[in-house]
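# Breakdown of the fold
Now for the letters of each chain:
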Number of protein chains: 2
Amino acid sequence: MKKTYLMTPGPTPVPPDTSIELARPVYHHRTDRFKATLEEVTRLLKDLLQTAGDVFLMAASGTGAMEACIANTLGRGDRALCVRGGKFGERWGNICEAFGITPVHLDIEWGDAPDAAQIARLLDESPGVKAVCVQLCETSTATVTDIEAIGQVTRDRDVLLIVDGVSGVGALEFRMDAWNVDLVAVGSQKALMMPPGLAVVAAGPRAMERIEAAHAPVFYLDLKAAKAAADKSSTPFTAPVPLVEGLLHSLRQISEEGVEAVWARHARLGRAMRAGVRALGLELFSKHPADCVTGIRVPEGVDGQALLADIEATDGVKFAGGQAHAKGKIIRVSTMGYAGPFDVVIALAALEMGLSRAGYQVELGAGVKAAESVFLEG
Amino acid sequence: MKKTYLMTPGPTPVPPDTSIELARPVYHHRTDRFKATLEEVTRLLKDLLQTAGDVFLMAASGTGAMEACIANTLGRGDRALCVRGGKFGERWGNICEAFGITPVHLDIEWGDAPDAAQIARLLDESPGVKAVCVQLCETSTATVTDIEAIGQVTRDRDVLLIVDGVSGVGALEFRMDAWNVDLVAVGSQKALMMPPGLAVVAAGPRAMERIEAAHAPVFYLDLKAAKAAADKSSTPFTAPVPLVEGLLHSLRQISEEGVEAVWARHARLGRAMRAGVRALGLELFSKHPADCVTGIRVPEGVDGQALLADIEATDGVKFAGGQAHAKGKIIRVSTMGYAGPFDVVIALAALEMGLSRAGYQVELGAGVKAAESVFLEG
């Protein structure tokens with residue numbers, strides 16, 4: 001028997017109570033019972049996203065939700081400013097290109113976050129850009145973006161603000177309406193404490209106007225059809241009922257804790273994780289570290305991929321490595337969703353032992369000690 | 001305590017053993033463990049579909065798989081022959097239109113099946129048609145189509161045969177390669193005995209040629225990306241791991257029973273169901289009844305919607321009614337997937353009692369008796 005610990009930034013652990021929901025008998029989606037479930041899920045998602053806008057559920061991964069945001073609001077020949085500072089920023093551009101939309105890339109160093117003033121300048125230089133596409137948390141670099149500041153830039157222009165909230169929403173502060181976000185994409189397998197397979201799109205009034213006016217090449221991800229169905233507390237196609245029931249369970253847990261308390265919990269976990277990393281003499285990968293996932297630079301002389309493989313094989317703790325050109329250079333530790341202080345303790349203890357086995361000098365216990373100090377501060 | 005019975009043609013009951021799989025802890029999709037699962041699922045799906053072609057999994061409803069078949073192989077300005085004899089036949093046309101593809105409709109009466117000779121004539125009259133889109137089982141009318149005969153027509157022409165197998169594959173005889181089917185779409189929530197949320201597309205060599213050559217406006221449902229990932233036993237985006245594990249469990253059950261034995265079981269259930277219906281003096285809705293779902297014409301003087309509501313409320317048995325203009329005119333009883341002789345007995349007993357309560361004269365037990373006779377024949 002070896003206990004295992006999933007600490008990747010998606011999928012993340014599912015609370016046992018939510019797992020049980022997934023195993024319950026399937027029932028029909030065209031029923032009052034499902035209608036009531038969908039209504040409660042929608043209400044709780046609106047609370048979580050802090051929006052009075054429309055919320056749509058779909059059987060898809062987070063990428064399906066990202067595509068829905070783009071394909072329903074922009075058309076062939078349109079231009080969209082895509083912030084590209086990691087793998088998921090690149091995805092915005094790739095999605096645009098698939099639909100004949102020209103991405104105007106704002107390239108930033110991996111680990112850096114986009115600056116609202118830079119975006120404002122680029123928009124001024126690029127008339128006709130119809131949307132800004134950005135990540136709340138760029139998971140590949142463990143970086144958080146100041147969405148509120150960017151919303152100040154897009155608000156008064158005829159430019160939509162489209163946010164990939166897949167790995168941030170439910171963990172990081174996010175106020176869709178107050179921050180002037182027009183569209184946000186969310187996936188189930190991150191801070192929503194669910195398995196992958198369910199995606200959420202929320203759309204504000206400016207986005208809905210574009211959606212209603214568009215003649216988009218969409219069918220399965222058609223948000224006009226989603227809106228017509230949602231207005232009747234339904235979905236256009238067969239809903240993945242057990243996943244929606246599971247999500248309801250997770251959302252109720254978030255609601256019970258309180259949305260702001262959930263953000264505060266993640267902030268504290270992130271702070272403790274970073275304190276531990278620094279106490280071990282390690283460097284953070286990101287200049288704007290996110291609280292839900294911590295990126296640690298693999299120290300000189302250590303083989304990052306071998307280190308992670310050893311920690312998983314020896315201690316049963318699964319961290320994520322780097323993607324694309326960050327492969328082998330970064331260790332990513334998720335503290336999002338179903339996570340508490342002892343997950344930080346486990347992560348740091350595993351790092352300490354793993355680095356030690358790799359021949360890298362660390363003071364055993366120093367990371368854990370620093371994290372405990374943060375937790376004792378409250 | 002009231003026992004309930006889900007007898008709708010999707011979703012269908014999930015075997016308890018499969019349900020348990022859905023509740024297991026989530027694990028990461030970029031692992032050898034998931035690779036092995038995906039390889040076995042792919043192998044078992046190829047056995048089930050009787051194909052040496054490519055098989056792709058996606059987090060989506062069956063409609064997503066239907067869209068993937070169309071959007072990856074046909075382009076703006078292309079024409080596709082769409083057989084329209086029910087709600088899902090209509091969907092082929094709607095998907096085509098969403099992508100600027102012109103549907104050439106072959107309209108047939110609801111409850112009738114398309115004739116291969118008719119399709120051949122229409123293809124001869126409509127040069128340039130690039131695909132024929134048809135249902136294996138048109139669920140809305142409980143009708144089966146002779147795909148093999150249509151495959152003889154499309155085989156020697158430069159025309160793809162695209163089959164909606166969502167509610168047929170896994171229940172009805174289906175031989176993708178031998179019948180010259182180029183693309184088939186499958187959903188998890190029908191004969192595959194799974195909850196909704198997972199879709200399958202299988203593509204033969206002629207389809208793969210088109211897919212590789214196309215510049216399709218697709219991203220999430222991009223089958224080129226799916227092929228590149230599948231060749232490495234992977235998926236392009238985050239896979240819904242628990243659903244894939246659940247599907248593996250169901251496919252193993254099918255494999256253990258034997259694919260041909262599964263078809264024979266469904267044929268027998270369908271035969272018994274029809275014998276029971278006829279013994280009650282009721283009429284079948286379809287001229288070519290499918291074995292996996294039986295459509296019964298609501299008799300004169302009976303309010304179909306009230307009848308189904310009463311049977312559900314009183315006896316806990318959920319049948320499906322009619323869709324669109326068949327609303328109130330048809331009762332649809334599924335015997336697909338996790339179904340055996342006593343499900344037919346329950347369905348007929350519920351019908352007998354429900355019709356009786358509705359004031360319609362039936363001989364109580366006559367339907368069940370006829371079904372038992374079929375089962376005793378073997």
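What you see is a predicted model; the values in this text were computed from it and never measured.

Analysis parameters
- Residues numbered from 1 in each chain as written.
- Chains lettered and ligands numbered in written order.
- Predicted model: local features only at pLDDT ≥ 70, side-chain atom pairs only at ≥ 80, totals over all residues.
- Helix = DSSP H or I, 4+ residues; strand = E, 2+ residues; numbered from the N terminus.
- Rg over C-alpha atoms; globule rule 2.2 N^0.38 Å.
- Contact = placed C-beta atoms within 7 Å.
- Pairing = 2+ DSSP bridges.
- Axes fitted to C-alpha atoms, helices over the stretch in contact; angles between N-to-C directions.
- Domains from an automatic or database assignment.
- Nonpolar A, V, L, I, M, F, W, Y, C, P; charged D, E, K, R; others polar.
- Buried ≥ 20, exposed ≤ 12 C-beta atoms within 10 Å, placed from the backbone.
- Parallel < 35°, antiparallel > 145°, perpendicular 65-115°, else oblique.
- Left-handed = near helix turned anticlockwise from the far one by under 90°.
- Expected span 1.5 Å × (residues − 1).
- Arc of directions from axis to C-beta.
- Core = buried A, V, L, I, M, F, W, Y, C linked by C-beta atoms within 7 Å.
- Least-squares fit on C-alpha atoms with pLDDT ≥ 70 in both.
- pLDDT = per-residue confidence, 0-100.

## Considerations on the overall build of chain A
A count of helical and extended segments in chain A gives 13 helices and 13 strands. Its C-alpha atoms give chain A a radius of gyration of 21 Å, within 12% of the compact-globule value 21 Å for 378 residues. In terms of overall dimensions, chain A has C-alpha extents of about 60 × 55 × 35 Å along its principal axes. Pairs at least 24 apart in sequence give 72% of the contacts found in chain A among residues at least 6 apart.

## Notes on the sheet that holds strand 10 (residues 198-203) of chain A
Residue and element names in this part refer to chain A. Strand order in this open sheet of seven strands is 2-10-9-8-5-3-4, and the pairing throughout is mixed. Sheet topology places strand 2 (54-59) and strand 4 (102-107) at the edges, where each strand pairs with a single neighbour. Taken over all neighbouring pairs, the strand axes of this sheet differ in orientation by 20° on average, direction set aside. Looking at chain direction, strand 2 and strand 10 are connected through six bridges and run antiparallel.

## A closer look at the domain arrangement of chain A
Residue and element names in this part refer to chain A. Entries for chain A in the domain assignment read domain 1 (5-10 + 259-377) and domain 2 (16-257). For domain 1 and domain 2, the distance between their C-alpha centroids amounts to 28 Å. Contact with domain 1, which involves 25 residues of that partner, is made by 28 residues of domain 2. Elements supplying a minimum of two residues to the side of domain 1 that touches domain 2: helix 10 (259-279) and strand 11 (293-297). Ranked by the residues each element gives to the side of domain 1 that touches domain 2, the list is headed by helix 10, at five residues.

## Overview of the interface of chain A and chain B
At the interface, 42 residues of chain A touch 42 residues of chain B. Element by element, the count of residues in the side of chain A that touches chain B is highest for helix 3 (residues 62-71) of chain A, at four residues. Classifying every residue of the side of chain A that touches chain B by side-chain character gives 27 nonpolar, 13 polar and two charged.

## Quick look at unusual backbone geometry
With an omega of -5°, the peptide bond running from A:G10 to A:P11 counts as cis. Here A:P11 lies in the loop between strand 1 (5-6) and helix 1 (16-22). Positive phi outside glycine occurs at A:M193, with the angle close to 60°. For A:M193, the location among the structural elements is in the loop between strand 9 (183-187) and strand 10. A tally of 27 C-beta atoms within 10 Å means that A:M193 is categorised as buried. Despite not being glycine, B:N180 has its phi angle at roughly 65°, a positive value. With 19 C-beta atoms counted inside 10 Å, the residue B:N180 sits in the partly exposed group.

## Comments concerning the packing of helix 3 (residues 62-71) of chain B against helix 4 (residues 87-98) of chain B
If you want to describe how two helices pack, look at the angle between their axes and the distance between the axes. Residues and elements named next belong to chain B. Where helix 3 contacts helix 4, the two axes come as close as 10 Å, and the packing angle between them is 55°. The orientation of helix 3 with respect to helix 4, classified from their angle, is oblique. Once helix 3 is placed against helix 4, the crossing between them reads as right-handed. On helix 4, the residues touching T63, M66, E67 and I70 of helix 3 are R91, I95 and C96. Across the contact of helix 3 with helix 4, the residue classes tally to four nonpolar, one polar and two charged.

## So, the sheet that holds strand 5 (residues 129-135) of chain B
All names here are of chain B. In spatial order, the strands read 2-10-9-8-5-3-4; together these seven strands make up an open sheet with mixed pairing. Two strands in the sheet have a free side with no partner beyond their single neighbour: strand 2 (54-59) and strand 4 (102-107). Pairwise comparison of adjacent strand axes, ignoring direction, gives a mean angle of 20° for this sheet. Direction of pairing for strand 3 (residues 79-84) relative to strand 5: parallel, over a ladder of four bridges.

## Let's talk about helix 12 (residues 341-357) of chain B
An α-helical segment advances 3.6 residues per turn. Residues three or four places apart therefore align on the same side. Residue and element names in this part refer to chain B. The first and last C-alpha atoms of helix 12 sit 25 Å apart over 17 residues, in line with the 24 Å expected at 1.5 Å per residue. Within helix 12, burial applies to D343, V344, A347, L348, A350, L351, E352, G354 and L355. Residue G359 follows helix 12 closely and has a positive phi angle near 85°.

## Points about helix 13 (residues 366-377) of chain A
Residues and elements named next belong to chain A. The end-to-end C-alpha distance of helix 13, which contains 12 residues, comes to 17 Å, matching closely the 16 Å that a straight helix rising 1.5 Å per residue would cover. Along helix 13, the positions that sit buried rather than exposed are G367, V368 and A371. In an axial view of helix 13, the angular spread of the buried residues amounts to 95°, which keeps them on one side of the axis. Seen from the open side of helix 13, the exposed residues pointing more than 90 degrees away from its buried face are L376 and E377. Buried residues in helix 13 make contact with helix 10 and helix 12 (341-357). Directly beyond the C-terminal end of helix 13, a positive phi value near 100° is found at G378.

## Structural notes on the packing of helix 12 of chain A against helix 13 of chain A
Residues and elements named next belong to chain A. Between helix 12 and helix 13, the shortest axis-to-axis distance is 8 Å and the interhelical angle comes to 160°. Comparing their axes, helix 13 and helix 12 come out roughly antiparallel. Crossing angle aside, the handedness with which helix 12 passes helix 13 is right-handed. Facing P341, V344, V345, L348, A349, L351 and E352 of helix 12, the residues of helix 13 in contact are G367, V368, A371 and F375. A breakdown of the residues in the contact of helix 12 with helix 13 according to their chemical character gives nine nonpolar, one polar and one charged.

## What about the nonpolar core?
Nonpolar side chains in soluble globular proteins generally cluster together in the buried interior. Counting residues in each nonpolar core, the largest one holds 250 residues, and the members touching the most others are A:A65, A:V201, B:A65 and B:V201. Residues in contact with A:V201, not counting those within four places in the same chain, are A:F56, A:A65, A:A68, A:C69, A:L183, A:A185 and A:L223.

## Some details on the relation of the copies chain A and chain B
Overlaying chain A on chain B yields an RMSD of 0.0 Å, the required transformation being a rotation through 180° with an accompanying axial translation of 0.0 Å. Taken together, the rotation and translation relating the two chain copies correspond to the operation of a two-fold axis. With an isologous cut-off of 70% or more, the 100% of interface residues of chain A that recur at the interface of chain B puts this contact in the isologous class.

## Focus: the pairing of strand 13 (residues 330-334) of chain B
All names here are of chain B. For strand 13, a buried count of five out of five residues is recorded, marking the element as mostly surrounded by other parts of the structure. In this structure, strand 11 (residues 293-297) lies alongside strand 13, joined through five bridges in antiparallel fashion. Its bridge partner being in strand 13, I296 is matched across the sheet by I331.

## Regarding the confidence of the model for chain A
As a note on interpretation, predicted positions should not be read in detail where pLDDT is low. Model confidence for chain A is summarised by a mean pLDDT of 97, while 100% of its residues fall at 70 or above. On the interface metric, ipTM, the complex scores 0.93, and its pTM is 0.95.

## Some points on the environment of A:T8
Its place among the elements puts A:T8 in the loop between strand 1 and helix 1. Placed 274 residues apart in sequence, A:T8 and A:L282 show a C-alpha to C-alpha distance of 19 Å. The contacts of A:T8, once residues within four sequence positions are left out, are A:K318, A:F319, A:A320, A:S334 and B:H28.

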